[in-house]
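The residues making up each chain are set out below.
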Amino acid sequence: MIRVIVGPPCAGKSTYITENADPGDTIVDFDKLATAFGSTGHHDTPLSMRRVVQAARHAAIHQILMGRVENAWVIDTDPTRLMQSQYRRAGAEIILLDPGMDACLERATEDNRPDWTAEQIRRWYRLRITA
């Protein structure tokens, strides 16, 4: 089973997976991949490393969509229509986590996220309303 967790920054996507994944499940989480590649920034990966992490994330998702992994969890904050289509074709369950913009902004502050996080949260909600 493939589960795609969608939602704004600070919605609790990583926490949701931690609480629901079984040992041995494949988890594609940009922030955890960045840490594995050596990022020391708290949700703030340097641009040069971000490109490497994005390539690794893309490769992992490709393998999952090809059916090479039995149980997988993918964090995709705001999948494009193409990715939504690919997830559906693979039989993925798409799970939306949306605690509300105010809750996400509060979590960003409490978690000491980078300054740009608040704008990314607002952007996610702005795009969801107009999409």
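My aim in this report is to walk through the structure given alongside it, one point at a time. No experiment lies behind these values; they were computed from the predicted model shown. (Residues numbered from 1 in each chain as written. Predicted model: local features only at pLDDT ≥ 70, side-chain atom pairs only at ≥ 80, totals over all residues. Heavy atoms only, no water.)

### Considering the environment of Pro-23
What counts is decided by this rule: By the criteria applied, helices consist of DSSP H or I runs no shorter than four residues and strands consist of E runs no shorter than two, each listed in order from the N terminus. Only protein chains enter the accessibility calculation, which uses a 1.4 Å probe. A residue is then buried if its area is under 20% of the maximum for its type, exposed if over 50%, and partly exposed in between.
Of note, Pro-23 is situated in the loop between helix H1 (13–20) and strand S2 (26–28). A relative accessible area of 85% places Pro-23 in the exposed class. For the pair Pro-23 and Arg-51, spaced 28 residues apart in sequence, the C-alpha separation works out to 28 Å.

### Remarks on the pattern of salt bridges
Cut-off, in case you're wondering: Think of a salt bridge as a Lys or Arg side-chain nitrogen and an Asp or Glu carboxyl oxygen that are within 4 Å of each other.
Tallied over the full model, the rule gives five salt bridges. Measuring nitrogen to oxygen at the nearest pair gives 2.6 Å for the salt bridge that ties Arg-113 to Asp-111. Under the relative-accessibility criterion, Arg-113 is labelled partly exposed at 21%.

### A word on the packing of aromatic side chains
For the record, the criterion: Ring pairs shown here join Phe, Tyr and Trp side chains whose ring centres sit within 6.5 Å, with only the six-membered ring taken for Trp; geometry is labelled stacked below 30 degrees between planes, edge-to-face above 60, and tilted in between.
Scanning the entire structure with this criterion turns up two aromatic pairs. Note on Tyr-16 and Trp-73: the rings are 6.3 Å apart at their centroids and 65° apart in plane angle, and the pair reads as edge-to-face. Of this pair, Tyr-16 sits in helix H1 while Trp-73 sits in strand S3 (residues 72–75), placing them 57 residues apart in sequence. Look at Trp-73 and you get buried, because its relative accessible area is 2%. Between Trp-124 and Tyr-125, the ring centres sit 4.9 Å apart and the planes meet at 80°, which makes this aromatic pair edge-to-face. Across the pair, exposure class does not vary: Trp-124 and Tyr-125 are buried alike.

### Looking at the side chain of Asp-25
Just so we agree on the cut-off: In this count, Lys and Arg are taken as positive residues and Asp and Glu as negative ones, while His and the chain termini are left out. In protein, a polar contact means a hydrogen-donor-capable atom and an acceptor-capable atom, both N or O and within 3.5 Å, with residues adjacent in sequence counting only if both atoms are side-chain atoms; elsewhere, any N or O pair within 3.5 Å suffices. It only takes one pair of heavy atoms within 4.5 Å for two residues to be counted as in contact.
Following the sequence through the fold, Asp-25 ends up in the loop between H1 and S2. One buried charged residue, Asp-25, remains without a salt bridge, the closest side chain of opposite sign being Arg-3 at 4.9 Å. At a separation of 2.9 Å, a polar atom in the side chain of Asp-25 contacts the main-chain amide nitrogen of Asp-22. Apart from the residues lying within four places of it in its own chain, the contact partners of Asp-25 are Asn-71 and Trp-73.

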